[in-house]
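# Secondary and tertiary structure notes
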Amino acid sequence: MTPATKRRFSPRGLMGENRPTLWLAPLLAVVTLFYLYPAFEVLRYSITNASLLDPDYEYTLETFTRVLGDPVLYKVLRTTAIFVVASIVLQLLFGLVIAVAVNRASKRRLPGMVFMRSLVLSAWVMPGVVIGIVWAIILNDADYGLANLLLGTVGLGSVPWLSTPNTALMSVIIANVWRGTAFSMILQYAGLQSIPEELYEAAEVDGAGTLQSFWYITLPQLRPILMINIILITIFTLNTFDMILPLTGGGPGQATEVLVLRTYNVIFQNFSLAGGSVLAVAMLAIAMALTLIYQRLLRSEGSL
Amino acid sequence: MKSRKAQNRLGDAMTYLVFLFALLFFGGPLLWLLSLSIRTQQEIFITSLRLIPEDPTFENYTEVLYTAQFSVFLINSLKLALAGSIGALVVSAPAAYAFSRLTFRGNKLFLVGVLGLQMISPLVVVIPLYRYFDRLNLVDSHFSTAMVYIAILIPLATWMLKGFFDGVPPALDEAAMVDGCTRFGAFRRVTLPLILPGLTSTFVLTAILAWGEFVVPYVLLSEPSLFPISIGILNFQGNYASNSTNVLAAGGVLAMLPAIATFVILQRFIVRALTSGAIKG
């Protein structure tokens, strides 16, 4: 034990300017009130039969078994999984392609690069509800919705974007890709910029073509950032609630009801505080698992 | 040499092909929204691809601002966003400084904990708070809502600010302390002013996120005069018939404009902060 750690135990040492206590006190207070307390309460409610309408409740494990035995849960999990996986694939793909283009444009000083970046990022900084509304207008099932208007112009028939289950899920994915691609783009762009130019020069001397350099240099060098990117897309997509509400409201039926929306509906539509808390506990567990993976990735990068 | 030139030209062409795709996919919906927002009611059902309407009008904007109370919603959003992001800075700055400068047991563990908070859906946080606030008569209050805004912005703010503090050599605050400053004095007079650009980008980014925040006010506020724009526009969409898409579009433009304008003006700061935040932690 170093002298510094020993000093911690005297009150003066605990409160001293070189000790973290006072510096962290406001943060710890907020974390306790707004994260630890709610997390504890959600855990507690999950083993009760609490309802939003009735102040009294009893402790029971029945809610857990009821929620886990509900076939709707598995439909919701399946929808959530499709939503997350499709978002990861498309956002990474689009993000990387645009990042490569932006990176090339900035290296060769081609005009339009900053405009492009601002445009893609504009989609990302918009309020989620407005994104949902924009896409609800564009994917309107009628002939005057922009998507159907475009299909009509090239001689194809209208698609019922929001009113059949499969197309509705596709629509939600499209809107989420529109929103999230920007984040992948800037991460990948930063990653591309950190690759040493010498690697490409050496590859060129060895006679490697553009595609070969991309495959053998760019992708392996980007791997850590791609992994971090996957984690962050997963968490952003799992927590997406605002955009879906104006777009499909979770429908038609329950076709686009993802886990977070289900949690909200169970509590505030069905008034089952306990049932929703079980789902919230599941969300907490997922968040924790993803944090651990993220932390591993950062540590292996030497960033933490 | 000639083939090199041809290759470059091919690459440039591909680059602009990607730009064209991105322009259509990302710009198209925004242009369409703008176009709808200046149309008259008769012109929203036309099935031709004209962007500039025959009879452009700004009436939709006045209607949405005055009749539909959007001016109230916009002011509420501004209040909540400012309170949330300023509050988050006040709480996060000293904590980030401690994470960056002080050696103490559990430093990294705490930091990972803060990162974990970022992953938690605000819905999970707000479920028990709703019941709690209900009992304390704190539902339908901008004060309690802003407190929750602060809480959900803190993880991001702390990580970003820690990154900026790491960028300032510790020798600078140590020199100030040798000259007789207390550590807190050095923090306030030396380190904090040095990361002013970092404070600015953190403030702007958290304010933009708070501007679009939805779940927290959706659960905690039920009085329409207190709604931020995100709730206001959702209700508006629910209440209006499809023959006023033009008015809804105007509302959408008003709701996104402040976020996009702030972002575009200050993007130089934000883009750098974002990338260093996600990669370097």
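Residues numbered from 1 in each chain as written. Chains lettered and ligands numbered in written order. Predicted model: local features only at pLDDT ≥ 70, side-chain atom pairs only at ≥ 80, totals over all residues. Heavy atoms only, no water.

Looking at an unreviewed UniProt entry, one finds chain A named ABC transporter permease subunit, with Rubrobacter tropicus as its source organism. Listed under Subcellular location (unreviewed entry) in UniProt, the entry text for chain A is "Cell membrane". One UniProt comment on chain A, placed under Sequence similarities (unreviewed entry), says "Belongs to the binding-protein-dependent transport system permease family." (UniProt positions renumbered as here; feature names shortened; annotations may be inferred.)

## Re the overall build of chain B
A count of helical and extended segments in chain B gives twelve helices and zero strands. Element order for chain B, N to C, with α for helix and β for strand: α-α-α-α-α-α-α-α-α-α-α-α. Computed over its C-alpha atoms, the radius of gyration of chain B comes to 24 Å, more than 25% above the 19 Å expected for a compact globule of 281 residues. Its C-alpha atoms give chain B principal-axis dimensions of about 75 × 75 × 30 Å. Going through the 281 residues of chain B one by one, you find that 57% of them count as buried. Counted over contacts in chain B with a minimum sequence separation of 6, partners at least 24 positions apart contribute 73%. Entry remark: accessible area of chain B is about 12,500 Å², with carbon and sulfur atoms responsible for 66%. Across chain B, the 19 positively charged side chains and the 14 negatively charged ones have centroids separated by 17 Å. (Helix = DSSP H or I, 4+ residues; strand = E, 2+ residues; numbered from the N terminus. Rg over C-alpha atoms; globule rule 2.2 N^0.38 Å. Buried < 20%, exposed > 50% of the residue type's maximum accessible area, 1.4 Å probe, protein only. Contact = heavy atoms within 4.5 Å. Areas by Shrake-Rupley, 256 points an atom, 1.4 Å probe, with all protein chains shown as cover. Lys, Arg positive; Asp, Glu negative; His and termini not counted. Charge placed at Lys NZ, Arg CZ, Asp CG, Glu CD.)

## Re the overall build of chain A
Broken down by element type, chain A carries 14 helices and zero strands. Ordered by position from the N terminus, the helices and strands of chain A form the series α-α-α-α-α-α-α-α-α-α-α-α-α-α. Rg of the C-alpha trace for chain A: 24 Å, well past the compact-globule value of 19 Å for 304 residues, more than 25% over. Every one of the 304 residues in chain A was classed for burial, and the buried ones make up 53%. Sequence separation of 24 or more characterises 64% of the internal contacts of chain A that already satisfy a separation of 6 or more. For chain A, the computed accessible surface area is about 13,800 Å², with 66% contributed by carbon and sulfur atoms. If you average the places of the 19 positive and of the 17 negative side-chain charges in chain A, the two averages end up 11 Å apart.

## Some thoughts on the pattern of salt bridges
Residues and elements named next belong to chain A. Scanning the entire structure with this criterion turns up nine salt bridges over all chains. Its salt-bridge partner being Arg-44, residue Glu-41 comes within 2.9 Å of it at the nearest N-O pair. With Glu-41 and Arg-44 both in helix 3 (residues 20-46), this residue pair falls three residues apart, about one helical turn. Salt bridges linked by common partners bring Asp-70, Glu-257 and Arg-262 together as one network. (Salt bridge = Lys/Arg side-chain N within 4 Å of Asp/Glu carboxyl O.)

## Points about the environment of Leu-199 of chain A
All names here are of chain A. For Leu-199, the position within the fold is in helix 10 (residues 197-205). Overall, the relative accessible area of 32% leaves Leu-199 in the partly exposed class. Put simply, Leu-199 and Ser-158 are 41 residues apart on the chain and 49 Å apart in space, counted from C-alpha to C-alpha. If near-sequence neighbours (up to four positions away) are discounted, Leu-199 is found in contact with Ile-217 and Gln-221.

## Points about the UniProt feature "transmembrane region" (unreviewed entry) in chain A
Residues and elements named next belong to chain A. In this structure's numbering, the residues bearing the UniProt feature "transmembrane region" (unreviewed entry) are residues 21-40, 81-102, 114-138, 158-178, 225-247 and 267-294. For residues 21-40, the end-to-end C-alpha separation is 23 Å, with 100% helix and 0% strand making up the annotated structure. Taken end to end, residues 114-138 comprises 92% helix and 0% strand; its first and last C-alpha atoms sit 26 Å apart.

## Considerations on a nonpolar patch on the surface
On the surface, Phe-115 of chain A together with Leu-17, Leu-20, Leu-23 and Leu-24 of chain B cluster together to form a nonpolar patch covering roughly 510 Å² of accessible area. For the nonpolar patch, the leading source of residues is helix 1 (residues 2-37) of chain B, giving four residues. Checked against the element boundaries, Phe-115 of chain A lands in helix 6 (residues 113-125). For Phe-115 of chain A, a relative accessible area of 51% gives the class exposed. (Patch = residues over 30% accessible without salt bridge, like charges linked within 9 Å, V, L, I, M, F, W, Y side chains within 5 Å.)

## Here's the deal with the interface of chain B and chain A
Facing 99 residues of chain B, the contacting portion of chain A comprises 102 residues. Of the roughly 8,900 Å² buried at the junction of chain B and chain A (both faces included), carbon and sulfur atoms supply 79%. The three residues of chain B that bury the most area against chain A are Phe-26, Met-119 and Arg-131 of chain B, which together make up 9% of that side's buried surface. Scanning the region where chain B abuts chain A turns up two salt bridges. The salt bridge partner of Arg-104 of chain A is Asp-12 of chain B, with a shortest N-O separation of 2.9 Å. Our count for the chain B to chain A interface comes out at 14 residue pairs in polar contact (both at pLDDT 80 or more). Per element, the largest residue contribution to the side of chain B that touches chain A is 20 residues, and it comes from helix 1 of chain B. Residue composition of the side of chain B that touches chain A, by class: 71 nonpolar, 20 polar and eight charged. (Buried area = accessible area lost by both parts, 1.4 Å probe. Polar contact = N/O pair within 3.5 Å; in protein donor to acceptor, adjacent residues only side chain to side chain. Nonpolar A, V, L, I, M, F, W, Y, C, P; charged D, E, K, R; others polar.)

## Points about the UniProt feature "domain: ABC transmembrane type-1" (unreviewed entry) in chain A
The feature "domain: ABC transmembrane type-1" (unreviewed entry), as annotated in UniProt, sits at residues 77-294 of chain A in this numbering. Structurally, residues 77-294 of chain A comprises 76% helix and 0% strand, and the distance from its first C-alpha atom to its last is 22 Å.

## Let's talk about the side chain of Lys-162 of chain B
All names here are of chain B. Checked against the element boundaries, Lys-162 lands in helix 6 (residues 142-166). Residue classification places Lys-162 among the buried positions, given a relative accessible area of 16%. Within polar-contact distance, the side chain of Lys-162 engages the side chain of Asp-166 at 2.7 Å. Excluding anything up to four places from it in sequence, Lys-162 contacts Ala-96, Phe-99, Ser-100 and Leu-111.

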